[in-house]
Amino acid sequence: MEQTFFIIKPDGVKRGLVGEVLKRIEQRGFTIEKLELRTKVSEGLIDQHYQDLVGQSFYPPIREFMTSGPVLVGIISGPKVIETWRTMMGATRPEEALPGTIRGDFAKAASENQPIQNVVHGSDSEESAKREIALWFEN
Ligand code: DAT
Ligand code: MG
């Protein structure tokens, strides 16, 4: 069965959205294969996770945000889970995320001192899912 990797980012944990996000995963019928609260995520791990973004000018605040508090990480499985979870998350930019998606309902736009806070992460392809699962769970 297809698997994907997800994160409830520090904003989601801080705002008490863990139950809300897990409810949506369960409601959709996906199976939670792994679930771990990580209280000390290193900058090195986040740099590897976002290896394609590390060189971008907007990246340093993202690194800071992603290491600013506990995150919930997990693996979920089900038919077409990679694409469907991305649909359930909604668009990257809060102003583009449709109502009814997690980001459309909860994400916060960037402000002067904060990057985009969009609550959740999900792997964007089969290749990313494999890489991210290995990175977060097999080290
Ligand atoms: P996604 O999280 O939808 O997979 P991504 O992998 O392109 O999007 O980027 C990871 C995070 O980095 C994203 O959730 C928010 C931030 N981000 C992405 N592109 C950005 C940009 N152009 N400006 C500011 N922040 C950005
Ligand atoms: Mg991404």
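Residues numbered from 1 in each chain as written. Chains lettered and ligands numbered in written order. Predicted model: local features only at pLDDT ≥ 70, side-chain atom pairs only at ≥ 80, totals over all residues. Heavy atoms only, no water.

By the naming in an unreviewed UniProt entry, the chain is Nucleoside diphosphate kinase, taken from Streptococcus mitis. One UniProt comment on the chain, placed under Function (unreviewed entry), says "Major role in the synthesis of nucleoside triphosphates other than ATP. The ATP gamma phosphate is transferred to the NDP beta phosphate via a ping-pong mechanism, using a phosphorylated active-site intermediate." In its Cofactor (unreviewed entry) section, the UniProt entry covering the chain states "Mg(2+)". (UniProt positions renumbered as here; feature names shortened; annotations may be inferred.)

Engineer: Got a minute to help me understand the pattern of salt bridges in this structure?
Structural biologist: Between side chains of opposite charge, pairing is possible as soon as their charged atoms come close. Under the definition given, this model contains nine salt bridges. For Glu20, the salt bridge is made with Lys23, and the minimal N-O distance between the two is 4.0 Å. On the criterion of helical spacing, the pair formed by Glu20 and Lys23 is a turn pair, its members being three residues apart in helix α2 (residues 18-27). Between Arg24 and Asp105 there is a salt bridge whose closest N-O contact spans 2.8 Å. With a gap of 81 residues between them, Arg24 in helix α2 and Asp105 in helix α6 (residues 102-106) connect regions that are remote in the sequence. Residue classification places Arg24 among the buried residues on the basis of a relative accessible area of 15%. A relative accessible area of 36% places Asp105 in the partly exposed class. (Salt bridge = Lys/Arg side-chain N within 4 Å of Asp/Glu carboxyl O. Helix = DSSP H or I, 4+ residues; strand = E, 2+ residues; numbered from the N terminus. Buried < 20%, exposed > 50% of the residue type's maximum accessible area, 1.4 Å probe, protein only.)

Engineer: Before we go on, may I ask you to explain the nonpolar core in this structure?
Structural biologist: Among soluble globular proteins, nonpolar side chains are generally buried collectively. Grouped together as the largest cluster of nonpolar side chains are 19 residues, with contacts concentrated most on Val21, Ile25, Trp85 and Val120. For this core, the secondary-structure elements that each account for two or more residues are β1 (3-8), α2, β3 (71-77), α5 (81-89) and α6. Broken down by element, the residue count for this core peaks at five residues, all from α5. The residues touching Val21, leaving out its near neighbours within four places in the chain, are Ile8, Trp85, Ile102, Val119 and Val120. (Core = buried A, V, L, I, M, F, W, Y, C linked by side-chain atoms within 4.5 Å. Contact = heavy atoms within 4.5 Å.)

Engineer: Which parts of the structure should I look at to understand the UniProt feature "binding site: ATP" (unreviewed entry) in the chain?
Structural biologist: As annotated by UniProt and renumbered to match this structure, "binding site: ATP" (unreviewed entry) occupies Lys9, Phe58, Arg86, Thr92, Arg103, Asn113 and Asn118. Taken together, the annotated residues stretch across 110 residues and extend over separate regions, lying up to 26.8 Å apart by C-alpha. Relative to the elements of secondary structure, Thr92 occurs in the loop between α5 and α6. Once residues lying within four places of it in the same chain are set aside, the contact partners of Thr92 are Arg86, Arg103, Ile116 and Asn118.

Engineer: What's the story with the environment of Thr4 in this structure? I'm lost.
Structural biologist: With respect to the secondary-structure elements, Thr4 resides in strand β1. Along the chain, Thr4 and Pro94 lie 90 residues apart, while their C-alpha atoms are 22 Å from each other.

Engineer: Any chance you could explain the site of ligand 1 here in plain terms?
Structural biologist: Taken together, Lys9, Tyr50, Leu53, Phe58, Ile62, Arg86, Thr92, Arg103, Ile116 and Asn118 make up all the residues around ligand 1. Note that an oxygen atom of ligand 1 is positioned 2.5 Å from one of the side-chain N or O atoms of Thr92. With the chains in place, 71% of the 510 Å² that ligand 1 exposes on its own is no longer accessible. Grouping the amino acids of the shell around ligand 1 by side-chain chemistry returns five nonpolar, two polar and three charged. (Near = heavy atom within 4 Å. Polar contact = N/O pair within 3.5 Å; in protein donor to acceptor, adjacent residues only side chain to side chain. Areas by Shrake-Rupley, 256 points an atom, 1.4 Å probe, with all protein chains shown as cover. Nonpolar A, V, L, I, M, F, W, Y, C, P; charged D, E, K, R; others polar.)

Engineer: Sorry if this is basic, but what is going on with the sheet that holds β1 here?
Structural biologist: Strand pairing in a sheet takes place through backbone hydrogen bonds and is either antiparallel or parallel in direction. Spatially, four strands are ordered β2-β3-β1-β4 in an open sheet, and the strand pairing comes out antiparallel. A single partner strand is all that each edge strand has here, and the edge strands are β2 (31-38) and β4 (120-122). Pairs of neighbouring strands in the sheet enclose a mean axial angle of 20°, with direction left out of account. Examined bridge by bridge, β2 and β3 share seven bridges and lie antiparallel to one another. From the neighbouring strand, Leu35 faces β3, where its bridge partner is Gly74. Contacting β1, β2, β3 and β4, helix α7 (residues 126-137) crosses the sheet at an angle of about 55° to β1. (Pairing = 2+ DSSP bridges. Axes fitted to C-alpha atoms, helices over the stretch in contact; angles between N-to-C directions.)

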